[in-house]
Amino acid sequence: LQGEPHLSACGASGGWHIIGVCNGHQPGMPWYEVTGNIVMILGTLAALIYFFFSKPHKGLFFGTGSKIGIWVIMLGFGATFGFTVMGRISLLIGRIQYLLGDWLHLIE
């Protein structure tokens, strides 16, 4: 019973904050963040439309939405794979520097 008033206050303030953000009353929010948020929401909705198999992917809403959705999914998986490869290459470079520098003293 001790945490209920605190949780109620946190939930209420979070709800009011979300309402303010949705209405555009976020002070100091630059236009590029708003644009990025809108693109993220539309991309997520397009990806969900692609996985909606109850209706055929024809027409302006479902046809275009599913085509945009598949591109969003491909970009997301491509970026994830690229970051993975970049991280592995970075680990390889660090290991080679250790082996040639600290261990074998071939480079300084």
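Scroll up for the structure.
No experiment lies behind these values; they were computed from the predicted model shown. (Residues numbered from 1 in each chain as written. Predicted model: local features only at pLDDT ≥ 70, side-chain atom pairs only at ≥ 80, totals over all residues. Heavy atoms only, no water.)

**Q** Any details on helix α3 (residues 59-103)? Residues and values, ideally.
**A** Because an α-helix packs 3.6 residues into every turn, residues spaced three or four apart end up facing the same way. Its 45 residues give α3 an end-to-end C-alpha distance of 64 Å, which sits within 8% of 66 Å, the value for a rise of 1.5 Å per residue. Buried residues of α3: Phe62, Gly63, Gly65, Ser66, Gly69, Ile73 and Gly101, and no others. Looking at the buried side of α3, the elements it contacts are α2 (31-50). In the segment just after α3, His105 is the residue with positive phi, at about 55°. (Helix = DSSP H or I, 4+ residues; strand = E, 2+ residues; numbered from the N terminus. Expected span 1.5 Å × (residues − 1). Buried < 20%, exposed > 50% of the residue type's maximum accessible area, 1.4 Å probe, protein only. Contact = heavy atoms within 4.5 Å.)

**Q** Explain the packing of aromatic side chains to me, and be specific about the residues and the numbers.
**A** Using the criterion set out here, one finds five aromatic pairs in the structure. Ring geometry for Phe51 and Phe53: centres 6.5 Å apart, planes at 85°, overall edge-to-face. Ring centres of Phe52 and Phe62 lie 5.7 Å apart, and the angle between their planes is 15°; this geometry places the pair in the stacked category. Residue Phe52 is located in the loop between α2 and α3, and its partner Phe62 is located in helix α3; the two are separated by ten residues in the primary sequence. Given the relative accessible area of 38%, Phe52 is considered partly exposed. Since its relative accessible area comes to 19%, Phe62 is described here as buried. Here the aromatic residues Tyr50, Phe51 and Phe53 are joined through ring pairs into a cluster of three or more. (Phe/Tyr/Trp six-rings, centres within 6.5 Å; stacked < 30°, edge-to-face > 60°.)

**Q** Would you mind going over the packing of α2 against α3 in detail, with residue names and values included?
**A** Here α2 crosses α3 at 110°, and the two axes come no closer than 7 Å. For the element pair α2 / α3, the angle class is roughly perpendicular. Here Gly43, Ala46, Ala47, Ile49 and Tyr50 of α2 come into contact with α3, specifically with Phe61, Phe62, Gly65, Ser66, Ile68, Gly69, Ile70, Val72 and Ile73. (Axes fitted to C-alpha atoms, helices over the stretch in contact; angles between N-to-C directions. Parallel < 35°, antiparallel > 145°, perpendicular 65-115°, else oblique.)

**Q** Got a sec to walk through α2? Specific residues and values, please.
**A** For α2, built from 20 residues, the straight-helix expectation of 28 Å at 1.5 Å per residue is met to within 8% by its first-to-last C-alpha distance of 29 Å. For α2, the secondary structure elements touched by its buried residues are α3.

**Q** Got a sec to walk through unusual backbone geometry? Specific residues and values, please.
**A** Backbone geometry at His105 places phi at a positive 55°, although glycine is not the residue there. Tracing the sequence through the fold places His105 in the segment after α3. Its relative accessible area of 62% is what places His105 among the exposed residues.

**Q** Tell me about the side chain of Ser66, and name the residues and values.
**A** Relative to the elements of secondary structure, Ser66 occurs in helix α3. Note on Ser66: relative accessible area 6%, which makes it buried. Ignoring sequence-local partners within four residues, the contact set of Ser66 consists of Ile49, Tyr50, His57 and Phe61.

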